[in-house]
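Residue strings, one per chain:
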Amino acid sequence: MEQDLHVRDRVGVQDFVLLENHTSETEFIENLQKRSKEELIYTYIGSVLVSVNPYKNLPIYGSDYVEKYRNVNFYELPPHVFALTDTALRSLRGELVNQCILISGESGAGKTEASKKVLQFIAATTRKKASLETVKDKLLQSNPVLEAFGNAKTNRNDNSSRFGKYMDVEFDFTGDPTGGHIINYLLEKSRVVFQAKGERNFHIFYQLLAGADDALLEKLSLKRDPNQYVYLKQGESSKVSGVDDAESFKIVRDALRVMEIGDEEQEALFLLLSVIIHLGNIEFASGEGDRARINNPVLVSTIAKEVKGEVDVEIVFLFDKFFKLLQCPEDKLVKALLNKTIEARDDVVVSPMGRDEAVKARDALSKSVYERMFTWLVQRLNRSLQSAVEVKKKIVLGILDIYGFEIFQSNSFEQLCINYCNEKLQQLFIELTLKSEQDEYRREGIAWEPVTYFDNKIICDLIEEKHKGIISIMDEECLVPGEANDKTFLNKMDKLLSDHPHYLSHAKGDNKTKKTIEREEFRLLHYAGEVTYNVKGFLEKNNDLLYRDLKDAMISSSNPITKDVFTSSELNSKKRPDTAASQFKTSLARLVEILISKEPSYIRCIKPNDVKKPGLFETGIVTHQVKYLGLMENLRVRRAGFAYRRPYEGFLNRYKSLCPETWPHPKGDPKSAVQTLVNHLKYGENDYCMGLTKIFIRLPKTLFETEDAFQKRKNVLASMIQAKYKGILQRRKYLIIRARIIRVQAMIRRFVAKRRADKRRWAVQVIRQFVNGFMKRNEPLNSANEKFLGFVRFHYLMRLTKQLPKSAMDKSWPDAPGSCQEANNLLQSMYMKWMVGRYCKNIAPARKRQFELKVLAEAVFKNNKKSYQGSISKWFIDCRLSTEQQGPFRSTFEVNVKSQGETILYSAPVKKFDRHGYKERERYLALTKSAVYLLDAKDCKIKHRLTFSDITGITVTNSQDNLIVVRIPEDDKKDKGDLILECQSLIEALTWIVDTCNKRDIIRFESATSLTHHIAKGKPGTIEITHGGPVTGISKGKNGHLMVAAS
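As named in an unreviewed UniProt entry, the protein is Myosin-IB, taken from Daphnia galeata. A UniProt comment under Sequence similarities (unreviewed entry) is attached to the protein, and it reads "Belongs to the TRAFAC class myosin-kinesin ATPase superfamily. Myosin family."

Right under this line is the structure:
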């Protein structure tokens, strides 16, 4: 434990008793938070283990950790659940003393996982024998079964235990496990019929629906969707994140087989589960005289005679299957669901139930069947766990996994029972802790100092005292004939408990208190804090009665499990059964007796947050749990006298280096040596006490100062040892190396001289060959110049690799020696082809299309049109319309063209000149695969549509102007005469047209100073072309001709 004290500022202390201010709850929480942040989830309070749920898997439970903690002193290694389990096992095997491990904490704190780790360690540390392996398998496999039937998803925990469990693992005198026994407490059976939002029913229901094969589901008349069943869908959360219910069902079935529960018994279990599921889907309504009736009257002929109404075929089918599953007479069950039998002295009265009462009776039946089935299952597991060999002397290790203190927004009967249980265990915990401390002080001969602590016996008496306690008052109200209800129960408590300091209610409180307690609530001041309980449903839950008729129906069932759990003796017995609270009180008293008879160990589980998120530590939530787990109370008891105690041998072995008289070999016995040591360390008279076998240190500060001094001393000792050891090693090495050097030097000198002579001879030969090759370098390749030319070629190629052109456009190429000229030419040609090929492969499709259009434009216009040179540097685009022009163009023209199956390839604004008068008009030129369109620029209406067959040619000048004359046959009746256009992007537009119609000869170039064009009826028009004027453009001349001014 002392080994990590020097890093306590970062990771905290491993034992809370070493806190400087042990009464400070803030320091307690900060220490927990430090350790949780470093993923150190375990901390001690003396022999008590505090565990913080990390909400993720940590690599600290493998076989290596099992071996690490096996047979090791409790404080030798960091805190761990394996350390606590190993200590209990060694006490059990060595001293033959019964042990028990008490695991407590609220839902989601990791109690179930802690109990699994305890069983894992037990199984891993026992001998490997075939008979033992069977026992160990049964102990481990009981967990999946109990989790499936007793655990459920809640808003706080995806695998919350909804029952208390005490398991005895039985050992023989050799320390090997021989069997086990399980006791269950207070199953939360109300969950069978109701779940809060975000929660779900017990796991087994969903596992059955998800994992059973189709044949089994058909036999049980079930479907896979849980949302079809009332009892399974109320929480609106039928799935658990990260959990495969189908796979879990397989694990449960395998575990049941390991526990020797065969297929017949499993089928009976599943039949009862399906009965409960179907019971939830029975619907009741109010009939004549407010009598309950089933909404499906034609279930069987008996029901049809008793109830009138319409037939619901679907529910009839449900009931037919239901009776078949339950295997009891249909008329008896239907009658039991609708009526109740009341015995008054010698009279027996059958009374019909109202709708609400029938619903309650149905739910009571479901809860009772599940509770008794669960009890049967536990008993069946116990039968399987029972030792096959009679053991005369057996010892046990008990594991108690019990619910922690609960404080909800609304607390009811279940919370009262759970908190009462925690009060009793806290009382036992403090008593046993005090007793353990007193025993140790007595053994060591140290005077015991009385400890002041809160004794919660007053609260236990408030709940359990005969004739005066809450349970007794509640039981009396349940026996009162007439109108006894939850309100009268509260009134009676107000009357009998009005003077009790730990009881408050609305009637008893002052004005300030009345604002925080409703009229139907009462408040108990528990050791863990105030809890307000709502009395609604207290008497009903305490009575926990099942009507005689329903018991009778269950007794008549042929299901083997119901035969075991519903017996005819219940009907014959006139004794009123014990109430739920009395039963729980009795079982709790038996549990306390069991725990007192054993040597206890404790695991206190804490959850760091409510959202199940790793790494999140919420101080408020943890503080609340620390309070109700009584950890501060336990720490005060543990620290009442001395914070630290250690056997003399262990203390001396660790700290003997701090005193010259005890280092390195202490003189005398360990106790006297320790006395010498503490005198040297100048401990105060009240700082420590010497027991028979241990030293007791009162304050953590004293231990911390000792540990800090030891850490500094370790550095000094390490330096001294290192210096001495290094000196010895270096002297040895020096002598060995010196002798070797003397021998090696002579050999090396000879070797070096010989190698130098060989190298010179070789160099002379190489130089001679090189000079000879240089002289004959221009001769054909021969043996004389072969190496020289090879050298020249190599260096030429190496130089060439660094001077290669980086681009296909770079035509430069390095010079080459004469002997490499031919290769140089071939390499240049091959490299340039490769560069060009690589360049072409990397061209994007859009860029490639541009090049194709540019090549086509060159073929058509180069040397034919002066304006061609100006278009070379500009990329062609497929639309020259502005943003404002594109709006109407697309909404009017493009939609119409698309509807005809055409696609617009190119569009641009042009000017069109009338054939008569040459009036200028704004138009849009649009090109498709089959035609050229001219549109009115104002409304985008089609003015001309010319297919490529309608165009006989397109005439342009070879000057630098924008004139286009589209030649149309004279006999064309739609377009009378040639079209005269001015286009600013003439090269681009005509290239698109030529590319689309695939006719290069459609373009005709004119170099004359005038052109003629056709007007209607064969009349010609004249276009005059002038050059070199100050103004360029197209306009009508004074002579009536169209004038084109070209630059």
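**Student:** If you had to explain the overall build of the protein to someone new, which residues and values would you point to?
**Tutor:** Across its full length, the protein carries 36 helices and 31 strands. Taking 1047 residues into account, the globule formula puts the C-alpha radius of gyration at 31 Å, and the protein, at 50 Å, lies well above it. Here the C-alpha coordinates of the protein stretch approximately 135 × 120 × 65 Å along the principal axes. Counting across all 1047 residues of the protein, residues that qualify as buried make up 49%. Taking the contacts inside the protein whose residues are at least 6 apart along the sequence as the reference set, 63% of them involve residues at least 24 apart. Surface accessibility of the protein: about 53,400 Å² in total, with carbon and sulfur atoms responsible for 52%. Between the averaged position of the 163 positive side-chain charges in the protein and that of its 135 negative side-chain charges there is a distance of 12 Å.

**Student:** Any details on the side chain of E521? Residues and values, ideally.
**Tutor:** Counting through the fold element by element, E521 comes out in strand 14 (residues 521-526). A distance of 3.0 Å separates the side chain of E521 from the backbone nitrogen of E518, its partner in a polar contact.

**Student:** Got a sec to walk through helix 27 (residues 631-638)? Specific residues and values, please.
**Tutor:** The periodicity of an α-helix, 3.6 residues per turn, causes residues three or four places apart in sequence to face the same way. Within helix 27, seven of the eight residues are buried, leaving the element largely enclosed by the surrounding structure. Buried within helix 27 we find L631, M632, E633, N634, L635, V637 and R638.

**Student:** Kindly report on a nonpolar patch on the surface, identifying the contributing residues and their values.
**Tutor:** Taken together, the side chains of I767, V771, F774 and M775 present a nonpolar region at the surface, about 430 Å² in accessible area. Looking at I767, the relative accessible area reads 54%, which means it is exposed.

**Student:** I'd like a description of the pattern of salt bridges, backed by residues and values.
**Tutor:** Inspection of the entire model under this criterion finds 47 salt bridges. Between K56 and E39 there is a salt bridge, and its shortest N-O distance comes to 2.4 Å. You can see K56 sitting in the loop between strand 2 (48-52) and helix 3 (63-69) and its partner E39 sitting in the loop between helix 2 (25-37) and strand 1 (42-45), a full 17 residues away along the chain. Here K56 falls in the partly exposed class, since its relative accessible area comes to 40%. The residue E858 makes a salt bridge to K862 at a minimum N-O spacing of 3.6 Å. Sharing partners across several salt bridges, the network here consists of R162, E188, R191 and E199.

**Student:** How would you sum up the nonpolar core? Please name residues and give values.
**Tutor:** Ranked by size, the top nonpolar core spans 109 residues in total, and within it F149, F205, Y370 and I603 carry the most contacts. At 14 residues, helix 15 (residues 355-385) tops the list of elements feeding residues into this core. Leaving out residues up to four positions away in the same chain, F205 has contacts with L232, L273, I276, I277 and Y370. Counting 89 residues, the second largest nonpolar core, distinct from the first, contains L18, L428, V637 and F710.

**Student:** Before we move on, can you summarise the sheet that holds strand 19 (residues 694-697) with the specific residues and values?
**Tutor:** Hydrogen bonds between backbone groups are what pair the strands of a sheet, and the pairing can be parallel or antiparallel. Spatially, three strands are ordered 17-19-18 in an open sheet, and the strand pairing comes out antiparallel. Strands with a single pairing partner mark the edges of an open sheet, and in this sheet they are strand 17 (644-647) and strand 18 (688-690). Strand-to-strand twist of the sheet, defined as the mean angle between neighbouring strand axes without regard to direction, takes the value 15°. By the bridge criterion, four bridges tie strand 17 to strand 19 in an arrangement that is antiparallel. Each bridged residue has a counterpart across the sheet, and for P647 the counterpart in strand 19 is K694. Each of strand 17, strand 18 and strand 19 is contacted by helix 28 (residues 648-655), which is oriented at about 95° to strand 17, the strand it contacts most. Across the sheet, helix 29 (residues 670-680) is in contact with strand 18 and strand 19; its angle to strand 18 comes to roughly 160°.

**Student:** Outline helix 7 (residues 203-211), supporting the account with residue identities and numerical values.
**Tutor:** Of all nine residues in helix 7, seven are buried, a share of seventy percent or more. When helix 7 is considered as a whole, its buried residues turn out to be H203, I204, F205, Y206, Q207, L208 and L209.

**Student:** Break down unusual backbone geometry for me, with residues and values.
**Tutor:** Cis rather than trans, the peptide bond between W663 and P664 has omega equal to 0°. Tracing the backbone shows P664 in the loop between helix 28 and helix 29. Unlike most non-glycine residues, S221 shows phi in positive territory, near 55°. Summarising the element assignment, S221 is placed in the loop between helix 8 (214-219) and helix 9 (230-233). Even without glycine at this site, K612 takes up a positive phi of about 55°. Position of K612 relative to the elements: it lies in the loop between strand 16 (599-606) and helix 26 (619-628).

**Student:** Go over the UniProt feature "binding site: ATP" (unreviewed entry) in the protein, please, and point to the residues and values.
**Tutor:** Residues annotated in UniProt with the feature "binding site: ATP" (unreviewed entry) correspond here to G105, E106, S107, G108, A109, G110, K111 and T112. Examined against the element boundaries, G108 turns out to sit in the loop between strand 3 (99-104) and helix 5 (111-124). A residue is classified by how much of its surface remains accessible, and G108, at 5% relative accessible area, is buried. Beyond its immediate chain neighbours, meaning those up to four positions away, G108 contacts N53, Y55, R156, N157 and K607.

**Student:** Break down the packing of aromatic side chains for me, citing the residues and quoting the values.
**Tutor:** Summed over all chains, the structure comprises 29 aromatic pairs. Ring centres 5.7 Å apart and planes at 65° place the aromatic pair Y441 and F696 in the edge-to-face group. Of this pair, Y441 sits in helix 16 (residues 413-444) while F696 sits in strand 19; the two residues are 255 residues apart in sequence, bridging distant segments of the chain. Ring centres of F893 and Y933 lie 5.1 Å apart, and the angle between their planes is 65°; this geometry places the pair in the edge-to-face category. One end of the pair, F893, is in helix 35 (residues 883-899); the other, Y933, is in strand 22 (residues 931-936), and 40 residues separate them in sequence. Across the pair, exposure class does not vary: F893 and Y933 are buried alike.

**Student:** Run through the sheet that holds strand 1, naming residues and quoting values.
**Tutor:** Pairing is mixed across the open sheet formed by seven strands, whose spatial order is 1-2-16-3-12-6-7. Looking at which strands have only one partner, the edges of the open sheet turn out to be strand 1 and strand 7 (177-185). In this sheet, neighbouring strand axes are inclined to one another by 20° on average, regardless of whether the strands run parallel or antiparallel. Pairing analysis gives seven bridges linking strand 6 (residues 164-171) to strand 12 (residues 395-401), with the strands arranged antiparallel. Counted as the bridge partner of E170 is V396 from strand 12. Sitting on the sheet, helix 2 touches strand 1, strand 2 and strand 16, and the angle it makes with strand 1 is about 150°.

**Student:** Give a description of the pairing of strand 25 (residues 963-967) that names residues and reports values.
**Tutor:** In terms of burial, strand 25 is largely enclosed, as five of its five residues are buried. Of the two faces of strand 25, both are covered, the one formed by L963, V965 and R967 as well as the one formed by I964 and V966. Bridge count for strand 24 (residues 953-957) against strand 25 is three bridges, and the pairing is antiparallel. Bridge assignment links G953 to a residue of strand 25, and that residue is R967. The loop that links strand 24 with its antiparallel partner strand 25 comprises five residues. Strand direction decides the pairing type here: strand 25 and strand 26 (residues 979-982), joined by four bridges, are antiparallel. Opposite I964, over in strand 26, you have L981 as the bridge partner.

**Student:** Give a description of the environment of A123 that names residues and reports values.
**Tutor:** If you trace the backbone, A123 turns up in helix 5. Given a relative accessible area of 13%, A123 falls into the buried group. Sequence-wise, A123 and A808 are 685 residues apart; in three dimensions their C-alpha atoms are separated by 77 Å. Not counting residues up to four positions away in its chain, the partners in contact with A123 are K128, K136 and L140.

**Student:** Account for the pairing of strand 30 (residues 1033-1036), naming residues and giving values.
**Tutor:** In this sheet, strand 31 (residues 1042-1046) lies alongside strand 30 in antiparallel orientation, the contact comprising four bridges. Across the sheet, residue K1036 finds its bridge partner in strand 31, namely L1042. The turn linking strand 30 back onto strand 31 is made up of five residues, and G1040 within it adopts a positive phi angle of 90°.

What counts, and where the lines are drawn
Residues numbered from 1 in each chain as written. Predicted model: local features only at pLDDT ≥ 70, side-chain atom pairs only at ≥ 80, totals over all residues. Heavy atoms only, no water. UniProt positions renumbered as here; feature names shortened; annotations may be inferred. Helix = DSSP H or I, 4+ residues; strand = E, 2+ residues; numbered from the N terminus. Rg over C-alpha atoms; globule rule 2.2 N^0.38 Å. Buried < 20%, exposed > 50% of the residue type's maximum accessible area, 1.4 Å probe, protein only. Contact = heavy atoms within 4.5 Å. Areas by Shrake-Rupley, 256 points an atom, 1.4 Å probe, with all protein chains shown as cover. Lys, Arg positive; Asp, Glu negative; His and termini not counted. Charge placed at Lys NZ, Arg CZ, Asp CG, Glu CD. Polar contact = N/O pair within 3.5 Å; in protein donor to acceptor, adjacent residues only side chain to side chain. Patch = residues over 30% accessible without salt bridge, like charges linked within 9 Å, V, L, I, M, F, W, Y side chains within 5 Å. Salt bridge = Lys/Arg side-chain N within 4 Å of Asp/Glu carboxyl O. Core = buried A, V, L, I, M, F, W, Y, C linked by side-chain atoms within 4.5 Å. Pairing = 2+ DSSP bridges. Axes fitted to C-alpha atoms, helices over the stretch in contact; angles between N-to-C directions. Phe/Tyr/Trp six-rings, centres within 6.5 Å; stacked < 30°, edge-to-face > 60°.

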